[in-house]
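Results of the structural survey
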Amino acid sequence: SLNDAVNKIVAESNDLKVADANVKKAKAQLSAVNANRWMSIDGTVSYMNLIDPIHPTSSQGVEIPSDIGAILGNVLPISEIPDNIFNAGIQVTQPIYTFGKIGNAVDAVHDAIDMSKSAKELTMREVKYAAANLYWTAKMTDEIVSISERNLENARSARKKLTAAGRANRSNLIKIESDIASKEINLSDAMFNRDTAYRMLKIMAGIDENEDIVLTDTFPDSFEELQAKQLKSNPEWDIYQKQIKMYESNASSKRSGMLPTLAAVGSYSYYSMGTDAGNMFDKKGSQSAYWGLALKVPLFNGGVHSANATIEAMNAEAARQDLDKSKKLKTEEYNTAVQKYKHLCDNLGKLNEARNLAQKAYDVSANRFAAGQTSAIELSDVSGALYQMDMAVLSAKYNILMAKESVRKLGE
């Protein structure tokens, strides 16, 4: 059924999977921005060995000057200083007040999440519309094959009547054979188009190409009046509205970069040293710690924050213009789809009447041809007219259904 096809195509849609991934990505971005609200803890561990550039394998030492050694009565040997140094520490920073830098950035990401959800809804509507189009196109090719088969059978029936009556003059035979040949081509084209449409429907619905399917929904004979309200919302409008808010929040966040940042800070360090790695910890190492408040004040940055804020503000203005344009175009597209539905429904009755008259004209001409009262040329003309009317009625039904799908896509 149509619903089955739509559900399968929605489940298989790569575009929807991408849209879903974008929603998840936006939520992950929110977690990343929110992380700036919380404390950051950094730990550092280091080990250093001082090297004598002249004797790299020796410990770094210091030599007592000879004049001092003379005073002492001898030259003191080289006295080594600790050249193995170990240091470990931890530093904690907790933002207290950022004057909107973090808060506005978080608001911007919230808007980005809403944008991604609206984009997913827009994609969902497009996929459902495309699914309905695939279904009714495939169903239409079924009907065209039936119409072409019936049209070809009428020509073959005329040839049979002509030869059975024993009056198969050359002119009529040539005309009928020509009609049969052209209608066989029409049927062959119709069958090729049907196979192509079915293949595409199977691909998009995730159905094996070798699996046979039957389309159970049929073109209705009549259509109900469309209850369409004024278009007041659309996912595309929601995207632009959230985009405007996102850019405005980004602009506020960029401007806040010119304001101070207040944070609580704390640190602890452990320091130890020795003449070799083995005795670094023989003696008690030294420790230090502090906590306090830090106010970071930007003094000069070349106007980068102001420039970035202006960029975001202009992005918001561009989004406003896009929103205004979209409202005009989508409203016109929606109203046109509603009017088209009503217009085609009104014409369908006249088309059906014209098709019935074409059928009667063909029946009369076929009877006259069987009685030898008309030529194959006239029969061919009325047969072609009937074929054209069958195609016109079918095309009108397809267009009505797709107009209804357009209304649903734009305004549901």
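Use the structure listed above.
I will try to describe carefully the structure that is included in this document. Since the model is a prediction, treat every value here as computed from it, not as a measurement.

Rules used throughout
Residues numbered from 1 in each chain as written. Predicted model: local features only at pLDDT ≥ 70, side-chain atom pairs only at ≥ 80, totals over all residues. Heavy atoms only, no water. Buried < 20%, exposed > 50% of the residue type's maximum accessible area, 1.4 Å probe, protein only. Helix = DSSP H or I, 4+ residues; strand = E, 2+ residues; numbered from the N terminus. Pairing = 2+ DSSP bridges. Axes fitted to C-alpha atoms, helices over the stretch in contact; angles between N-to-C directions. Phe/Tyr/Trp six-rings, centres within 6.5 Å; stacked < 30°, edge-to-face > 60°. Lys NZ or Arg CZ within 6 Å of the ring centre and 35° of its normal.

Okay, the pairing of strand β6 (residues 286–296) next. Counting buried positions along β6 gives one out of eleven residues, so the element sits mostly on the surface. Looking at chain direction, strand β5 (residues 261–274) and β6 are connected through eleven bridges and run antiparallel. Paired with Tyr270 across the two strands is Gln287, which belongs to β6.

With antiparallel pairing, four strands are arranged side by side in an open sheet as β1-β4-β5-β6. The two strands at the open ends of the sheet, each matched to only one other strand, are β1 (40–49) and β6. Adjacent strand axes in the sheet meet at a mean angle of 15° when their direction is disregarded. For β1 and strand β4 (residues 84–97), the ladder comprises ten bridges, and the chain directions are antiparallel. Bridged to Ser46 within β4 is Asn87.

Attention shifts here to the packing of aromatic side chains. Applying the stated criterion across every chain yields a total of four aromatic pairs. Ring geometry for Tyr97 versus Phe99: centroids 4.6 Å apart, planes at 75°, classification edge-to-face. The partly exposed category is assigned to Tyr97, whose relative accessible area is 47%. For Phe99, a relative accessible area of 34% gives the class partly exposed. In textbook terms, an aromatic cluster arises when at least three aromatic residues are bridged by ring pairs, as seen for Tyr135, Trp136 and Phe219. Over the ring of Tyr129 we find Lys409; its NZ or CZ atom is 4.4 Å from the centre of that ring.

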